[in-house]
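Observations on the three-dimensional arrangement
Residues per chain, in single letters:
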Amino acid sequence: MSSEADNSSMNFDETALTLGLPGKSRPSVGEKSGVKREFSEMVDLNLHKKQNNDQEHDDGSQVEVTEPAKSPASKAQVVGWPPVRSFRKNTIKSCKYVKVAVDGAPYLRKVDLELYTSYQQLLTSLESMFSCFTIRNRMNDGKPMDLVNGSEYVPTYEDKDGDWMLVGDVPWKMFVESCRRLRLMKSSEALGLGNRHTPCYKFPF
Amino acid sequence: MAYSFPVEVLEHIFSFIDSDNDRNAVSLVCKSWYEIERWCRRKIFIGNCYAVTPRIMIRRFPELRSVSLKGKPHFADFNLVPEGWGGYVDPWVLAMGRAYPFLEELRLKRMVVSDEALEMVSKSFKNFKVLVLSSCEGFTTDGLASIAANCRNLRELDLRESDVEDLGGNWLSCFPESCTSLVSLNISCLGSDWSLQSLSALERLVGRSPNLRRLRLNRAVPLDKLANLLRRAPQLVELGTGTFSSELRPDVFSNLSGAFSGCKELKALSGFWDAVPSHLPAVYTICSGLTSLNLSDANIQSSDLVKLISECQNLQRLWVFDYIEDSGLEALAESCKNLQELRVFPSDPYAMEPNVTLTEQGLVAVSEGCPKLESVLYFCRQFTNNALFTIAKNRPNLTRFRLCIIEPRTPDYITLEPLDAGFGAIVQNCKELRRLSLSGLLTDRVFEHIGTHAKKLEMLSIAFAGDSDLGLYHVLSGCKSLRKLEIRDCPFGDKALLANAAKLETMRSLWMSSCLVSFEACKLLGQKMPRLNVEVIDERGPPDSRPESYPVEKLYIYRSVAGPRLDMPAFVWTMDEELALRLS
């Protein structure tokens, strides 16, 4: 299989391979230095675990937490590294992966609730994950939400009994234990979801 | 031709040809052999469900009895493939339901399977026998209930490592009393909360399955039920226990020990969730017959592990946590001279400091003591080139070598050099190496070694390695047998990829994420190579909303005769000619 012959027929002249000398660190990979800079910044992010620079590097990472995970002896994680499968993680340390859906977003994420120690940490992380949406943080507000503003999202979760509840109603540990999945719901749809004093609102899923 | 064999004779001869490669070769001899072969092929393996369509498969092979399909790329195991990417089995089941009424076996890996698909399987194929769902998702226990209820001759139900939504109900009781054909049942991935009804349904099912050879239980099955199950199935060859912890009552222990000693044909053991070390001696009576031991769900420490392993002199396969430590591996090397496969998993992969003393020494010891060792998966925190030299020298018979040094870019901890030379020795000495995963600090040099020597390498996994496109160029131009290449976080970009575009048609697939391949190069590749699907996976939004020179987030390239797929989610774009024109 001669790739040289194929090369000539496909006219890859502009992209002709220039062979850098071995040992040379980071020869110009692309003519555009902007590209290179972006990559090395991403690499630095992963290696040195800097604070997540959301504006430039929302690379869709699942668990680039902005606050350190609860145990100081563990580091913030690079997605999918080390390459250990989730079901193994479930055995070795307590680990609770739940799916996160956002109304209007085309994709789901999974988060490990055990990585956080408070609602604030979780919501901050969700916000950075779905950075185009504003997640209304009930912990700060305490006020009834502005239902007219359709761009606000309310974090809700499905508990062990299949009921949909507002995030923040129960103590954190109880929430982690009972949460099966999360959904960031448009504020307009969250009417009727009460706190623990009102009956739970069942959604027809 | 007057002198050719009658069709029936050729068919009979072909019926002895089992391997896919041989069958493929037979079909290329001449037109009539192609025709005869395609009518008598009974088994097919499709490594990428998007490489071909159900219609094409059915058109060519009208009489299949066994179909195996794989969906998502391997890196999906580590959450690198976003949910909703694809790999749906439903269209396949729909088509096969119409075309293959006599289908007997369906084996799926990393596919999305719905309850509806399972119901359709259970109702479309009257003689359905084998269902294996490996790392699949999208279905619930309701789907399993359909299979149990409708598949009269079911022999195998294997849910290994699938993600099943447990809706309660009691699906095991859906197996009719008349179902006595089970040979293999693997439900180890199911949940840990089960009702008493489910447990008793399981007991009855096991009790009426005289051919049951493989039984892997889930965590919900308590230890005090295990003895009962074993007494009902003393013919078991493989057992996965449920939870292995309970109060240590002498009667429970002796009952269990007795039950195990009744299983004289047991060759493989797994499970052991929450294992309490004092219970482990219950299995000692059958240890000498064991060839496979999977302790990767058990938090057992080194000394107890060693006691157990030293009873298992005939062990060929061991999966264990790094709790075994170097000392335990040295003991393994002493006791288990038939060892062929070793996998050591990290007990605390995210800890900054090592929590156990597991280093390169352990693997070196096993490579020295176990002459038949050919398959290694090893997670640790430090390594040296010298250790790799030693392992390569000791074990030229290695066929699979996956080393994961947990911290990316870790150099040889003694010389502080990259591990290029060490891995180079591995590929140079181990001439039959088929699978390799790299880690540690690596420059382009290691890829030069791989391209030069790894001529039988079929699958290569690379992460946080290399300096430039030269690295990728070496691999693509040198590794003749390469089928699957998966790369993450490496500075590989457009040039090597485009210069070796033709190579990609000889491979099953290429995955690249967090590399430096530009959108422009993806478009070019997609335009020039119509038999490749070039998929750009980018959750930041449409690639044309950024400059063309920007690297794409993730890239998945695979050869296909099916053309671009039609079931892509919003964050996946196929770079075919039409799309490229539309976007430019």
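Sequence order as written defines residue numbering, which begins from 1 separately in each chain. To label them, take the chains in the order written and letter them from A, then take the ligands in the order written and number them from 1. For this predicted model, a pLDDT threshold of at least 70 governs which residues receive local features, and a threshold of 80 or more governs which side-chain atom pairs are given and counted, while totals over whole chains, interfaces and linings are taken from all residues. Water and hydrogen atoms were dropped before computing side-chain values, which therefore reflect all heavy atoms in the structure.

As annotated in an unreviewed UniProt entry, chain B carries the name COI1, F-box and is attributed to Dillenia turbinata. As stated in UniProt under Pathway (unreviewed entry), the record for chain B gives "Protein modification; protein ubiquitination." As stated in UniProt under Subcellular location (unreviewed entry), the record for chain B gives "Nucleus". UniProt positions are given in the numbering used here, feature names are shortened, and annotations may be inferred rather than shown by experiment.

Chain A has the name Auxin-responsive protein in an unreviewed UniProt entry, where Dillenia turbinata is given as its organism. UniProt, in its Subunit (unreviewed entry) section for chain A, records the words "Homodimers and heterodimers."

Residue and element names in this part refer to chain B. Residue exposure (1.4 Å probe, protein chains only): buried if accessible area is under 20% of the type maximum, exposed if over 50%, otherwise partly exposed. A run of H or I in DSSP becomes a helix once it reaches four residues, and a run of E becomes a strand once it reaches two; helices and strands are each numbered from the N terminus. Buried within helix 2 (residues 20-27) are the following residues: Arg 23, Val 26 and Ser 27. With its buried residues spanning 95 degrees around the axis, helix 2 presents them on a single face. Throughout, a contact is declared for two residues whenever any of their heavy atoms are within 4.5 Å. For helix 2, the secondary structure elements touched by its buried residues are helix 1 (7-14), helix 3 (31-40) and helix 4 (54-60). Arc definition: it is the arc formed by the directions from the helix axis to the C-beta atoms.

Our focus in this paragraph is unusual backbone geometry. Following A:Trp81, the chain continues to A:Pro82 via a peptide bond in cis, the omega torsion being -5 degrees. You can see A:Pro82 is positioned in the loop between helix 3 (54-57) and helix 4 (86-92). With a phi close to 50 degrees, B:Arg110 is a non-glycine residue in the positive phi region. Position of B:Arg110 relative to the elements: it lies in the loop between strand 3 (105-109) and helix 6 (115-124). On the basis of relative accessible area, B:Arg110 is assigned to the buried category, the value being 10%. Its identity is not glycine, yet B:Glu161 carries a phi of approximately 60 degrees, on the positive side. Relative to the helices and strands, B:Glu161 is located in the loop between strand 6 (156-158) and strand 7 (163-165).

All names here are of chain B. Here a pair means two rings of Phe, Tyr or Trp (six-membered ring of Trp) with centres within 6.5 Å. Their orientation is stacked below 30 degrees between planes, edge-to-face above 60, and tilted elsewhere. Counted by the stated rule, this structure contains 21 aromatic pairs over all chains. Ring centres 5.6 Å apart and planes at 80 degrees place the aromatic pair Tyr 50 and Trp 85 in the edge-to-face group. On the criterion of sequence distance, the pair formed by Tyr 50 in the loop between strand 1 (43-46) and helix 4 and Trp 85 in the loop between strand 2 (66-70) and helix 5 (90-99) is long-range, its members being 35 residues apart. A single burial state applies to Tyr 50 and to Trp 85, both of which are buried. Relative to Phe 345, the ring of Trp 319 lies with its centre 6.0 Å away and its plane at 65 degrees, an arrangement referred to as edge-to-face. With Trp 319 in strand 13 (residues 317-321) and Phe 345 in strand 14 (residues 341-345), the pair connects residues that are 26 residues apart, well separated along the chain. When its relative accessible area of 14% is taken as the criterion, Trp 319 is described as buried. Of the residues examined, Phe 345 reaches a relative accessible area of 4% and is grouped as buried.

Before going further, it helps to spend a moment on the nonpolar core. Take the buried residues of types Ala, Val, Leu, Ile, Met, Phe, Trp, Tyr and Cys, join any two whose side-chain atoms come within 4.5 Å, and each joined set is a nonpolar core. Grouped together as the largest cluster of nonpolar side chains are 197 residues, with contacts concentrated most on B:Leu293, B:Phe383, B:Phe401, B:Ile450, B:Leu485 and B:Leu497. Excluding residues within four positions of it along the chain, B:Ile450 makes contact with B:Val427, B:Leu436, B:Leu438, B:Leu457, B:Leu460 and B:Cys479. A:Met165, A:Val170, A:Phe175 and A:Leu184 belong to the second largest nonpolar core, which has 24 residues in total.

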